[in-house]
Amino acid sequence: MVTTTNITKTYQKGTVKAVDNVSFSVEKGELFGLIGPDGAGKSSIFRMLTTLLLPDSGSATVAGHDIVTDYQRIRSKVGYMPGRFSLYPDLSIEENLHFFATVFNTTVKENYHLIEDIYVQIAPFGKRRAGKLSGGMKQKLALCCALIHKPTVLFLDEPTTGVDPVSRREFWEMLKRLRQQGITILVSTPYMDEASLCDRIALIQNGSILSIDSPQGIADAYPSSLYAVQANDLPRLIHVLPTYHPHMHSYLFGEYIHLDTRGMGGHDLPEELTRFLAAEGFGDIEVKPIAPTIEDCFINMLIRHDT
Amino acid sequence: MTHREPVISAEKLTKRFGDFIATNEITFEVYKGEIFGFLGANGAGKTTAMRMLCGLSIPSSGRATIAGFDIYRQTEQIKRHIGYMSQKFSLYEDLTVLENIRFFGGIYGLDNHQLKSKSEVLIERLGLQAERKKLVGELPLGWKQKLAFSVSILHEPRIVFLDEPTGGVDPVTRRQFWAMIYEAAESGITVFVTTHYMDEAEYCNRISIMVDGRINALGTPGELKRQFNEPSMDGVFYQLARGAKRGD
Amino acid sequence: MKQFITFVKKEFFHVLRDRRTLLILFGMPLAQILIFGFALTNEIKNARIIVIDQAKDEASRRITNRLAASNYFEIQEDVMDQNRMEAAFKEGNIKLAIVFPAQFRNDLIHQNHAQIQVIADASDPNTATTLTSYVSSIIQDYQTELNEGNGLPYRITPEVHMLYNPQLKGAPNFVPGVMALVLMLVSVMMTAISIVREKETGTMEVLLVSPFKPMWVILAKAVPYLLLSLVNVLSILSMSVWVLQLPVAGSWLLLFAESTLFIITCLTLGIFISIKAQSQQVAMLISLMGMLLPTMMFSGFMFPIENMPMPLQVFSNIVPAKWFYIIVKSIMIKGVGLEGIWKETLVLCGITLFFFLISLKSFKIRLE
């Protein structure tokens, strides 16, 4: 449904490289995630695929059409929700929806079934101006507006940025239901915990893709074993842990410190480390092997990237 | 915490906008050197509460002192003893690293001698020697945020308020940022932080969760997880905020 | 077409829901007309004048008494000679002087015709015209009374001299000026800002990624402002006719047609600015500095172009408002038809076409 081949985009006359030789493809009906921090190049990729920007080099197609030559066909087939709030704050919910339906040459009635699930949640406030809605409601309305013309491919650029965890969770529920309707969805996000909700993801940093696979596949490919460590004085633990082994890499992860054992040899870590920490005066020590999350994988890739 | 000297103490702090009660009788204390996580759904009233605590907005009722100063009458003193950094505005993009440090240091009344020595130390600690004359706009987001945080505590405030400081930052930089927060807390600066990352909630000594203008939960991450019988802070937050009636 | 109509409708919502926009749209022309109309041409009371009565006969005395009785004038007591009069004008002590010739009554009775000299300080043209018309009507009154029941009509002709500014430049001509100014503000600035606002809020991105042709997005933006500007033209003209009593001498239809042309000129300018500007502030600054300022300076409305240095006179030719100002003045005041203003009309058309073409050329179907 979407393919990109070695696309590159630079800004300011080539001095700033936003997207560097990126290739990936998205199958029909897939929920594909572009995961990476701000400034990684996610929005630039989306803008090229939605024909808003021209790539410096490389090529890409959306729904079988070339993004440079066939841009008009693409524009009538895709739905796009930019990162910024992109509705008219002085129009009501209903007016916004009707406006976008007409601009896309359709009516609200024709495709209501597509948005019904989402729209019923905001319909009671139909007369309220979009500017006066809560973050979660704005997001739902923006999604309705992007969906109303029954796009074959939906591009959602950081739809959950700055949104609280509860609204984020609701939003992903909606995306799952949309995928069941056969719409191909590309979504970008800086939140690593959302990656596991996608069919496949591309981890992206500094304009290049670090890895593309299913979330499970990426976790399985983690090159070493990972442990979670906890003790009664977490702040001190951060300083003490690295002194245990020179090659060890450790970092905070929620209430634990995660420990990457790459280059440490195959000794029995949990017991030895517990003894070491006890000798350092810690109590309530817990050391357990864990399965890596996407965030662990991302951190691991960044570190490997740097060294 | 061994030292229990309150740096922020709020009692029934309330802010009304007409009929709308943005912040409804919130009561809590934050102690010296503590990292206090201030969580809540969008529109729960966090921003309003933070504005009052920074002396930017006068409460409708209730009582609060910040670093010992009254938030009704001594807002000027409060502003001199706090630092503030947010994701949205932190530094001037069109000024260089050094110019930003000098500017913000100057605002907080550091003299030339202090400014000079402090900016040297700061630049060296952040490893920005090569970038000191670069415009802040040209730095990667993660560096910008770290620089902004350092600048916000340059004048050694009693409390620093951080409004979603790590939004959109990559996971490695996010952790480096938290290492800086820990360091600041160890040096005795109280850290008051909001975030949408629930793993970061775990890094706080204590957290409060606001729902519809009220503080519905307050305690250490461990206490809250036990209280709500959830394995993670994410679950605790979800349980509390799911019932929220209003948004921003 | 349905898309286009929806778009125009949406644009009207934007305008009608923003109080500031509404205020600029409708409050400003009203305020301008009232300020220019009343602050500058208000009824004049107790203007200081002198009467140089070389006749000192019954007729001259009676006219003088009438002048003194009206509360428009305050006659300076000391009678001065012709030389002293000029000095008084220069010092600004008097606004008007009336000179009765020596044989005033004699002429009137024996020749049935006499003349009175009315000399006004026309450096303030509005006051000068008002005052002379007051004098004329008072003389007229006296003449009518004199003629009652009389076979032969007596005729008194006031011979008016405007000192310093014989052509009365800039007199009731502010209405065309206000029209140019208001249309410029509404059409250029508001259009530019409203397009750039969509860029800022990100809605432009969504609109570009839609089957709706990008150029139509822009044109749809222009339609509401065209209509609103026409409403402004109508309101300014109605006020000038009914409130300020300045009638339109020429054809209303022609006036509206020319106004529409000028509005379209302004809209293309606004669109051009909006293509170049990335933020509302920039659009506003360009509109104000690049459009409104030249309109005030070089349209001939506030400062006569003839008195400017040559380079500025040449520059004034590329200011669309100058041509519009000439056109409106000709139609409203002189009652000229299209045959008298076709050259100016052609120049406006040229400017419009020029900006339309470069807008079309620089218009982007993508973001960068």
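Quick notes on the rules
- Residues numbered from 1 in each chain as written.
- Chains lettered and ligands numbered in written order.
- Predicted model: local features only at pLDDT ≥ 70, side-chain atom pairs only at ≥ 80, totals over all residues.
- Heavy atoms only, no water.
- UniProt positions renumbered as here; feature names shortened; annotations may be inferred.
- Domains from an automatic or database assignment.
- Contact = heavy atoms within 4.5 Å.
- Buried area = accessible area lost by both parts, 1.4 Å probe.
- Salt bridge = Lys/Arg side-chain N within 4 Å of Asp/Glu carboxyl O.
- Polar contact = N/O pair within 3.5 Å; in protein donor to acceptor, adjacent residues only side chain to side chain.
- Helix = DSSP H or I, 4+ residues; strand = E, 2+ residues; numbered from the N terminus.
- Expected span 1.5 Å × (residues − 1).
- Buried < 20%, exposed > 50% of the residue type's maximum accessible area, 1.4 Å probe, protein only.
- Arc of directions from axis to C-beta.
- Axes fitted to C-alpha atoms, helices over the stretch in contact; angles between N-to-C directions.
- Parallel < 35°, antiparallel > 145°, perpendicular 65-115°, else oblique.
- Nonpolar A, V, L, I, M, F, W, Y, C, P; charged D, E, K, R; others polar.

- Where an unreviewed UniProt entry is consulted, chain C appears under the name ABC-2 type transport system permease protein, with the organism given as Parapedobacter koreensis.
- One UniProt comment on chain C, placed under Sequence similarities (unreviewed entry), says "Belongs to the ABC-2 integral membrane protein family."
- Taken directly from UniProt, the Subcellular location (unreviewed entry) text for chain C runs: "Cell membrane".

- An unreviewed UniProt entry lists chain B under the name ABC-2 type transport system ATP-binding protein, with Parapedobacter koreensis given as the organism.

1. Brief notes about the domain arrangement of chain B
All names here are of chain B.
- Here the domain parsing of chain B yields domain 1 (1-81 + 158-248) and domain 2 (91-156).
- For domain 1 versus domain 2, the separation of C-alpha centres amounts to 26 Å.
- The interface is formed by 17 residues belonging to domain 1 together with 13 residues belonging to domain 2.
- Carbon and sulfur atoms supply 72% of the area that domain 1 and domain 2 bury against each other, a total of about 1,100 Å² over both sides.
- The interface formed by domain 1 and domain 2 holds one salt bridge in total.
- Among the salt bridges present, the one from R125 reaches E183, with a minimum N-O distance of 3.0 Å.
- Applying the counting criterion to the domain 1 and domain 2 interface returns three residue pairs in polar contact (both at pLDDT 80 or more).

2. Section: unusual backbone geometry
- The phi dihedral of K12 of chain B falls on the positive side, at around 50°, and the residue is not glycine.
- Note that K12 of chain B resides in strand β1 (residues 6-17).
- The backbone of N112 of chain C sits at a positive phi, close to 60°, despite the residue not being glycine.
- Relative to the elements of secondary structure, N112 of chain C occurs in the loop between α5 (104-111) and β4 (113-121).

3. Quick word on the UniProt feature "transmembrane region" (unreviewed entry) in chain C
- Per the UniProt record, the feature "transmembrane region" (unreviewed entry) sits at residues 21-40, 174-196, 216-244, 250-275, 282-305 and 341-360 of chain C.
- The span residues 341-360 of chain C is 100% helix and 0% strand, and its two end C-alpha atoms sit 29 Å from each other.

4. Some remarks on the domain arrangement of chain C
- Splitting chain C by domain gives domain 1 (2-39 + 172-362) and domain 2 (43-163).
- Just the C-alpha atoms count here: the centres of domain 1 of chain C and domain 2 of chain C sit 45 Å apart.

5. Some details on helix α3 (residues 58-69) of chain C
Residue and element names in this part refer to chain C.
- Taking 1.5 Å of rise per residue, the twelve residues of α3 would be expected to cover 16 Å, and the 16 Å separating its terminal C-alpha atoms lies within 8% of that figure.
- Among the residues making up α3, those that are buried are A59, S60, I63, T64 and L67. The buried side chains of α3 occupy one side of the element, clustering within an arc of 130° when seen end-on. Exposed residues on α3 whose side chains face more than 90 degrees from its buried face are N65 and A69.
- At the N-terminal boundary of α3, the capping side chain belongs to D57, with an oxygen 2.9 Å from the backbone nitrogen of S60.

6. Concerning the interface of chain A and chain B
- Listed as interface residues are 29 residues of chain A and, on the opposing side, 30 residues of chain B.
- Of the roughly 2,400 Å² buried at the junction of chain A and chain B (both faces included), carbon and sulfur atoms supply 60%.
- Linking chain A with chain B are four salt bridges, by the criterion used here.
- Measuring nitrogen to oxygen at the nearest pair gives 3.5 Å for the salt bridge that ties R169 of chain A to D234 of chain B.
- Applying the counting rule to chain A against chain B returns eight residue pairs in polar contact (both at pLDDT 80 or more).

7. Things to note about the interface of chain C and chain A
- The partner chain A presents 32 residues to the 28 residues of chain C that form the contact.
- Summing both partners gives a buried area of about 2,800 Å² for chain C against chain A, and 61% of it is carried by carbon and sulfur.
- By the criterion of area lost to chain A, the three top residues of chain C are R17, V209 and R366 of chain C, representing 26% of everything that side buries.
- Our count for the chain C to chain A interface comes out at two salt bridges.
- For R47 of chain A, the salt bridge goes to E205 of chain C, with nearest N and O atoms at 3.0 Å.
- Inspection of the region where chain C meets chain A yields nine residue pairs in polar contact (both at pLDDT 80 or more).
- When residues of the side of chain C that touches chain A are traced back to their parent elements, those giving at least two are α1 (2-17), α7 (174-201) and α8 (203-208) of chain C.
- Element by element, the count of residues in the side of chain C that touches chain A is highest for α1 of chain C, at eight residues.

8. Focus: the side chain of T75 of chain B
- Position of T75 of chain B among the secondary structure elements: in helix α2 (residues 75-80).
- Among all residues touching T75 of chain B, those that are not within four sequence positions of it are G55, I58 and D70 of chain B.

9. Here's the deal with the side chain of S57 of chain B
All names here are of chain B.
- Summarising the element assignment, S57 is placed in the loop between α1 (46-53) and β4 (61-66).
- Accessibility expressed as a relative area gives 14% for S57, which makes it buried.
- Residues contacting S57, with those up to four places away along its chain left out, are K15, R51 and M52.

10. As for the packing of helix α5 (residues 141-152) of chain B against helix α6 (residues 171-186) of chain B
All names here are of chain B.
- Closest axis-to-axis distance for the α5/α6 pair is 10 Å, and the angle between their directions is 10°. Taken as axis vectors, α5 and α6 run roughly parallel relative to one another. Across the interface between the two elements, G142, Q145, K146, F149 and S150 of α5 pack against T173, Q176, F177, M180, I181 and A184 of α6.
- The residue makeup of the contact of α5 with α6, split by class, is five nonpolar, five polar and one charged.

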